[in-house]
Amino acid sequence: MSLNSVRPWRTIERRKSRQIMVGKVPVGGDAPISVQTMTNTLTSDVKATLDQVIRSAEVGADIVRISTPDQDSTRALREICRESPVPIVADIHFHYKRAIEAAEAGAACLRINPGNIGDAARVREVIKAAKDHGCSIRIGVNAGSLEKHLLEKYGEPCPEAMVESGLDHIRILEDNDFHEFKISVKASDVFLAAAAYQALAEATDAPIHLGITEAGGLTTGTVKSAIGLGNLLWMGIGDTLRVSLSADPVEEVKVGFEILKALGLRTRGVQIISCPSCARQGFDVIRTVEALEKRLEHIKTPMSLSIIGCVVNGPGEALMTDIGFTGGGAGSGMVYMAGKQSHKMTNAQMIEEIVRLVEERAEAIEAAQNAAE
């Protein structure tokens, strides 16, 4: 349950955008901010690609993008789309025929830049294919691949150039009476991306796809994405997002959800509040949290869990969480339920006990929700 009504300083006023559909997933309007990732397998390897799609969906991905650079990829896409548990976005860059083939293969969305795929006749063919097969389109502007005339005009990639590119592409779609599109203006530079997105948000009511592109490896990319995307989301900008990491796509999904969870914009699974540990700790906090993160990955029901090493902050944190454990002395600590002391527990039994309590609470929450429907 949102506490923003009693804590107004937590309120985020989302930018008003129109809503489109990416397959069965609504994007924009009052829809939840969706989390995306992208496979990094050869698309022609159907088994490997589907495996990544399914694993990503299991940890919460709402949409998965797949690169389709050649005919082998678009041929494979048909089976992938048929078996995928989530809508598939086909990533197209230059060849208009790949876009048409991807639409025919069952893609829910085409990631293109209309100005990059040929003359007006080819653009019309792609738009017709999108209309005929119920595809939406994502206009994907990237600071690293801006049009030559914009680089000549502005001298370098800048927010103004990126927004102008995006609006030019929007105009092409709208001139062809196509309005089921969303747009991104990505850059690897956090400042550039944030400024471009802020200007874009004022220039169009189209749903916005957020991303800091080529952000880096798991640690550096997570930090850059949290700064860039977090600030934009805090301002109410963004309807769907992808965290771009040189890592397993599953990690992109996890980081995306953690960013949304930190801002109270979406909740999924267990949010663990834990201390960094120090000499006061009554148990090994770091190893305990590592174990609990793995043991609780299967929980989808939103809830909070505090794991605090000592009584300095432990009871206070437990007041704010569904379940808590605070380290004490003599090899034991206190379990809290809904902010109140429940029972003592030995450190040796702690992990198994917490897993049991979380699973029981998840079942109770789900049962209550089902009974209310």
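The notes below deal with the structure included here. (Residues numbered from 1 in each chain as written. Predicted model: local features only at pLDDT ≥ 70, side-chain atom pairs only at ≥ 80, totals over all residues. Heavy atoms only, no water.)

Describing the environment of D168
In step 1: Within the secondary structure layout, D168 lies in helix α6 (residues 159-175).
In step 2: Each C-alpha atom, one on D168 and one on A193, is 18 Å from the other, the two residues being 25 residues apart in sequence.
In step 3: Reaching out from D168, the side chain makes a polar contact with the side chain of R171 at a distance of 2.9 Å. (Helix = DSSP H or I, 4+ residues; strand = E, 2+ residues; numbered from the N terminus. Polar contact = N/O pair within 3.5 Å; in protein donor to acceptor, adjacent residues only side chain to side chain.)

Observations concerning the sheet that holds strand β10 (residues 240-242)
In step 1: The strand order across the open sheet formed by 8 strands is β8-β7-β6-β5-β4-β3-β10-β9, and the pairing between neighbours is parallel. In this open sheet, the two strands that pair with only one neighbour each are β8 (181-186) and β9 (209-210).
In step 2: In this structure, strand β3 (residues 34-38) lies alongside strand β4 (residues 63-67), joined through 3 bridges in parallel fashion. Counterpart to T37 in the pairing with β4 is V64. (Pairing = 2+ DSSP bridges.)

Description of the packing of aromatic side chains
In step 1: Applying the stated criterion to the full structure yields 1 aromatic pair.
In step 2: Aromatic side chains F283 and F325 sit 5.4 Å apart centroid to centroid with 70 degrees between the ring planes, which places their arrangement in the edge-to-face category. Separated by 42 residues along the polypeptide, F283 in the loop between β11 (270-274) and α10 (285-295) and F325 in strand β13 (residues 323-327) bring together distant segments of the chain. In this structure, F283 and F325 share a single accessibility class: buried.
In step 3: Seen from the ring of F181, R18 lies directly overhead, with NZ or CZ sitting 4.5 Å from the centre. (Phe/Tyr/Trp six-rings, centres within 6.5 Å; stacked < 30°, edge-to-face > 60°. Buried < 20%, exposed > 50% of the residue type's maximum accessible area, 1.4 Å probe, protein only. Lys NZ or Arg CZ within 6 Å of the ring centre and 35° of its normal.)

Concerning the pairing of strand β5 (residues 88-91)
In step 1: Of the two faces of β5, the one carrying I88 and A90 and the one carrying V89 and D91 are both buried.
In step 2: Inspection of the sheet shows β4 paired to β5 by 4 bridges, in the parallel sense. The residue bridging S67 from the neighbouring strand is D91, located in β5.
In step 3: At this point the chain moves from β4, through helix α2 (residues 71-83), to the parallel β5, and the crossover so formed is right-handed.
In step 4: Looking at chain direction, β5 and strand β6 (residues 109-112) are connected through 3 bridges and run parallel. Paired with D91 across the bridge in β6 is R111. (Right-handed = clockwise from strand over helix to strand, strands pointing away.)

Geometric values such as these leave the question of function open.
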